[in-house]
Number of protein chains: 2
Amino acid sequence: MIKLYGSAESGHTFKVRLLLEVAALPYEYEEVDLRIDREARPEPFRSLAKYGEVPLLVHDGQPYVQSNAILLHLAQHTQAFGGETPERLARCREWLFWEANRIGTCLPHLRFGQRFDPQGYPPGVLEWMRTRFDADIARLDEELSDGRAFLLGDSPSIADCAICGYMFWPEQAGVSYPPQVTAWLERIRALPGWRHPYDMPGVIPF
Amino acid sequence: MIKLYGSAESGHTFKVRLLLEVAALPYEYEEVDLRIDREARPEPFRSLAKYGEVPLLVHDGQPYVQSNAILLHLAQHTQAFGGETPERLARCREWLFWEANRIGTCLPHLRFGQRFDPQGYPPGVLEWMRTRFDADIARLDEELSDGRAFLLGDSPSIADCAICGYMFWPEQAGVSYPPQVTAWLERIRALPGWRHPYDMPGVIPF
């Protein structure tokens, strides 16, 4: 029994939903309105997610937070993507931590700063985030330039789910993608179960 | 058979060494001079670490990169800290991704920008990093305020190794720590095997 609490506007939520949908894992979904103060968000979400952040996954009664940690949990404890080998899980971990520290930092800030909170970033910060994004997207493009379909080879993995998490809002972040990344995103879009974050069942975009 | 390639100046390297030393896992260490261009770093490091980054762990002939991914690998495939339960590993994963995205982003940048590359950060970026650090260290202090000795309870885990990775150079980063964090760092310092990053065997600080 899997229940996911998330938000239409959260790429971190989208990462997990993409896995659940593409892997066709049965789950319930509940939208959390992030415009409500953390302390005022409804129960049981508030008690289960200590810091009031989405996504929150509840699996067999246990709460799990941090999107990439949830992806690893689901990859190890379900048959998502057919069940991963230890070797593929090791490579997934590397990609997930690269994401958390690199493209999963700069790209969400570029989007948040331009779409939601222009006053929240002092001058220079978003420009610096853009130079980071340029470096990260170039590295991703180079990785994909050997002709593989997905990050770990012929079949998708949680590494693809994590790294594309914020990439379907390029207009909100003011970014564009190089050729190999564009083609990889097209292959993700073509996976059965894929939907745009704003078209997932039960979401309420701002 | 474990071999670690790292740098005295890398907190990411230190995270892994701290685990290896405190858990008393036998390993070899080789210092990599980060002042040499990535393409010119010596073999076999250059071939094994695709992007030329430290730390690189080679375990039974297989290369592993990304410090937090290495910590998870060692926790799952050795008897480090007595062998972790699935429940503790799930909590460790949450802490490790929080670190990668939060305090493991702002604190290294504060240090790097002040100690190594003041010209590399446009005006405003380090000040913004400081506001992020203030929020992250407050959250860590709040976490530790319930009296537990280490992040997961009475005994240390890879979560402690990851989150303290850059915290033993406060003077280089220009930061100080609140009371609960200070006491927790003292407990880490008291663990048999702990040494300051610059006092680890085989390191060559800049």
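In case you missed it, the structure is sitting above this.
The following refers to the structure shown. For clarity, every value in this text was computed on a predicted model and none was experimentally measured. (Residues numbered from 1 in each chain as written. Chains lettered and ligands numbered in written order. Predicted model: local features only at pLDDT ≥ 70, side-chain atom pairs only at ≥ 80, totals over all residues. Heavy atoms only, no water.)

Formed by 133 residues in total, the largest nonpolar core has its most connected members in L140 and W184 of chain A together with L140 and W184 of chain B. Contact partners of W184 of chain A, with chain neighbours within four places excluded, come to L140, L144, A149, F150, L151, D160, I163, C164 and M167 of chain A. (Core = buried A, V, L, I, M, F, W, Y, C linked by side-chain atoms within 4.5 Å. Buried < 20%, exposed > 50% of the residue type's maximum accessible area, 1.4 Å probe, protein only. Contact = heavy atoms within 4.5 Å.)

Attention shifts here to the interface of chain B and chain A. Listed as interface residues are 38 residues of chain B and, on the opposing side, 38 residues of chain A. Interface area lost by chain B to chain A is led by Y51, F97 and W128 of chain B, which between them contribute 22%. In this structure, K50 of chain B engages E143 of chain A in a salt bridge whose closest nitrogen and oxygen atoms are separated by 2.7 Å. Linking chain B to chain A there are 16 residue pairs in polar contact (both at pLDDT 80 or more). No other element matches helix α4 (residues 86-101) of chain B, which puts nine residues into the side of chain B that touches chain A. Its residues assigned to classes, the side of chain B that touches chain A shows 17 nonpolar, eleven polar and ten charged. (Buried area = accessible area lost by both parts, 1.4 Å probe. Salt bridge = Lys/Arg side-chain N within 4 Å of Asp/Glu carboxyl O. Polar contact = N/O pair within 3.5 Å; in protein donor to acceptor, adjacent residues only side chain to side chain. Helix = DSSP H or I, 4+ residues; strand = E, 2+ residues; numbered from the N terminus. Nonpolar A, V, L, I, M, F, W, Y, C, P; charged D, E, K, R; others polar.)

Turning to the packing of helix α4 (residues 86-101) of chain A against helix α3 (residues 67-77) of chain B, a few remarks are in order. It is the contact of α4 of chain A with α3 of chain B, at a shortest axis distance of 8 Å, that shows an interaxial angle of 145 degrees. Both α4 of chain A and α3 of chain B take part in a crossing whose hand is right-handed. Here R93, E94 and F97 of chain A of α4 of chain A come into contact with α3 of chain B, specifically with N68, A69, L72, H73, Q76 and H77 of chain B. Residue classes in the contact of α4 of chain A with α3 of chain B are distributed as three nonpolar, four polar and two charged. (Axes fitted to C-alpha atoms, helices over the stretch in contact; angles between N-to-C directions. Left-handed = near helix turned anticlockwise from the far one by under 90°.)

With that settled, the discussion passes to the pairing of strand β2 (residues 28-31) of chain A. Residues and elements named next belong to chain A. In β2, alternate side chains face the same way, and those of Y29 and E31 are buried while those of E28 and E30 on the opposite face are not. Sheet analysis places strand β1 (residues 2-6) next to β2, joined by four bridges and oriented parallel. From the neighbouring strand, Y5 faces β2, where its bridge partner is E30. One crossover worth recording links β1 to the parallel β2 by way of helix α1 (residues 11-22), and it is right-handed. (Pairing = 2+ DSSP bridges. Right-handed = clockwise from strand over helix to strand, strands pointing away.)

A cis geometry characterises the amide bond from E43 of chain A onward to P44 of chain A, with omega recorded as 5 degrees. Examined against the element boundaries, P44 of chain A turns out to sit in the loop between β2 and α2 (45-48). Notably, Q66 of chain B is not glycine yet its phi reads approximately 70 degrees, a positive angle. Mapped onto the secondary structure, Q66 of chain B falls in the loop between β4 (62-65) and α3.

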